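Here's the letter readout for the chains.
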Amino acid sequence: MSYYRFIDKGEGPTKLFVGGIHGHEGETTIDFLKSMSYSDFSNGKTFIYNFDYTEYISTIKKEYYETKIGKTIINLIKKHKPDFYIELHCYNIKNYENLISPNRRESQGVPPLIDLENHVLISSVSPLIRKKYFKMETVCKTLEIPCINKKLYWNDLNSITKDIITKYNITKGNITKGNITEDNITEGNIIKNNVVKYNINMDNANEDNGNNYHLKSSFNTYLNIIKILSKVKNRDEFQRIMIKKYPKQVELAVKYAKEIFGEKFPPF
Ligand SMILES: [Zn+2]
């Protein structure tokens, strides 16, 4: 189910947040958008859309904007004429190095993304739409977080459960009453018990992947940057906060913006 939300706080900037741009990304981005409360938004009008699965085509390819979802997004931009346009994306953690690599310029023709912190990446939006549909002053941002593969997460838990069933030789024959009963030996129940027993939680679910990637820290950083964007009154305030919080990253962003959009383009 696609998700839509409109927050009307009267006079002020118009903001457009879009998640689920392509592929399965909407499954990851929706929880962040849903978790926002009324007080997280600035004055003005905020429109939030999160889309379901569509075929994965990169937004730096022309073909994307020829698809149904691509056209829908262009129409939303034309309709709302936002002062802030924010795309929420997610990426496979395996691609982290590629996305931030300076080689991205040669291989993809776009600047690398910038790691804000905790594997949350930021960049402008696709060059195909940046100048065509927005004013120079519009704040256009792409925010990326490692995708949460909900299916994978549960598959992991299922396989852990199977290991435990094997290890403790749990069969219907040796189930004792008061321990695990036939009534509660549903898979979900065992999983739930093991989640508690083995301290499987969002803190450590994805730690062991060679990237020092910590799910909860990423979540916090991602939600925090979304909330900065939802709360600021204008571009100036956004820049001030970002320069203070992420000086090095802003410096890089300014450099990349100049490279791709020219000297006169506003910083960040
Ligand atoms: Zn994406």
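Residues numbered from 1 in each chain as written. Predicted model: local features only at pLDDT ≥ 70, side-chain atom pairs only at ≥ 80, totals over all residues. Heavy atoms only, no water.

### As for the environment of E144
- For E144, the location among the structural elements is in strand β7 (residues 139-146).
- Overall, the relative accessible area of 10% leaves E144 in the buried class.
- Along the primary structure E144 and Y91 are separated by 53 residues, whereas in three dimensions their C-alpha atoms are 6.5 Å apart.
- In contact with E144, not counting residues within four places along its chain, are H89, C90, Y91, L113, H119, V120, L121 and Y222. (Helix = DSSP H or I, 4+ residues; strand = E, 2+ residues; numbered from the N terminus. Buried < 20%, exposed > 50% of the residue type's maximum accessible area, 1.4 Å probe, protein only. Contact = heavy atoms within 4.5 Å.)

### Considerations on unusual backbone geometry
- The phi dihedral of K81 is positive, around 45 degrees, even though this residue is not glycine.
- With respect to the secondary-structure elements, K81 resides in the loop between α2 (68-80) and β4 (84-91).
- Since its relative accessible area comes to 63%, K81 is described here as exposed.

### Observations regarding the side chain of K9
- The residue K9 is located in strand β1 (residues 3-9) in this model.
- The buried charged residue K9 lacks any salt bridge, with D40 as its nearest oppositely charged partner at 8.4 Å.
- Within the structure, the side chain of K9 is placed 2.9 Å from the backbone oxygen of F41, a separation counted as a polar contact.
- Residues in contact with K9, not counting those within four places in the same chain, are Y38, S39, F41, S42, N43 and G44. (Lys, Arg positive; Asp, Glu negative; His and termini not counted. Salt bridge = Lys/Arg side-chain N within 4 Å of Asp/Glu carboxyl O. Polar contact = N/O pair within 3.5 Å; in protein donor to acceptor, adjacent residues only side chain to side chain.)

### Quick look at the state of the cysteines
- Applying the stated rule across the entire model yields one disulfide.
- For C90, the disulfide goes to C147, at an S-S distance of 2.1 Å. Measuring the twist about the S-S bond at about 90 degrees, one finds the C90-C147 disulfide to be right-handed. Highlighted residues: C90 in strand β4 and C147 in the loop between β7 and α6 (150-167), separated in sequence by 57 residues. (Disulfide = S-S within 2.5 Å.)

### As for the sheet that holds strand β3 (residues 44-50)
- Taking strand neighbours across the sheet as the criterion, the seven strands line up as β1-β3-β2-β4-β7-β6-β5 in an open arrangement whose pairing is mixed. A strand with exactly one partner marks an edge of an open sheet, and here the two such strands are β1 and β5 (114-117). Neighbour-to-neighbour, the strand axes of the sheet open up by a mean angle of 20 degrees, direction not taken into account.
- Examined bridge by bridge, strand β2 (residues 14-19) and β4 share five bridges and lie parallel to one another. Bridge pairing in β4 places L16 opposite Y85.
- Sheet contacts for helix α1 (residues 25-34): β1, β2, β3, β4 and β7; angle to β4, the most-contacted strand, approximately 130 degrees. (Pairing = 2+ DSSP bridges. Axes fitted to C-alpha atoms, helices over the stretch in contact; angles between N-to-C directions.)

### Re the pairing of β2
- For β2, the buried fraction is high: six of the six residues fall into the buried class.
- The two faces of β2 match: T14, L16 and V18 on one face and K15, F17 and G19 on the other face are all buried.
- As paired elements, β2 and β3 share six bridges and run parallel to each other. Opposite G19, over in β3, you have N50 as the bridge partner.
- Following the chain from β2 across α1 to the adjacent parallel β3, one finds a crossover that is right-handed. (Right-handed = clockwise from strand over helix to strand, strands pointing away.)

### Quick word on the coordination of the zinc ion
- All of the protein donors around the zinc ion are H22 (NE2), E25 (OE), E25 (OE) and H89 (ND1); their distances to the metal are 2.0 to 2.5 Å.
- Relative to the metal, the four donor atoms surrounding the zinc ion lie at angles of 54 to 139 degrees, and the coordination shape comes out irregular.
- Between the donor residues of the zinc ion, the gaps in sequence give the motif H-x2-E-x63-H. Residue H22 shares its accessibility class with E25, and that shared class is buried. (Donors = N, O, S within 2.8 Å, 3.2 Å for Na, K, Ca; no water. Tetrahedral: all angles 85-135°; square planar, octahedral: opposite > 155°, others 65-115°.)

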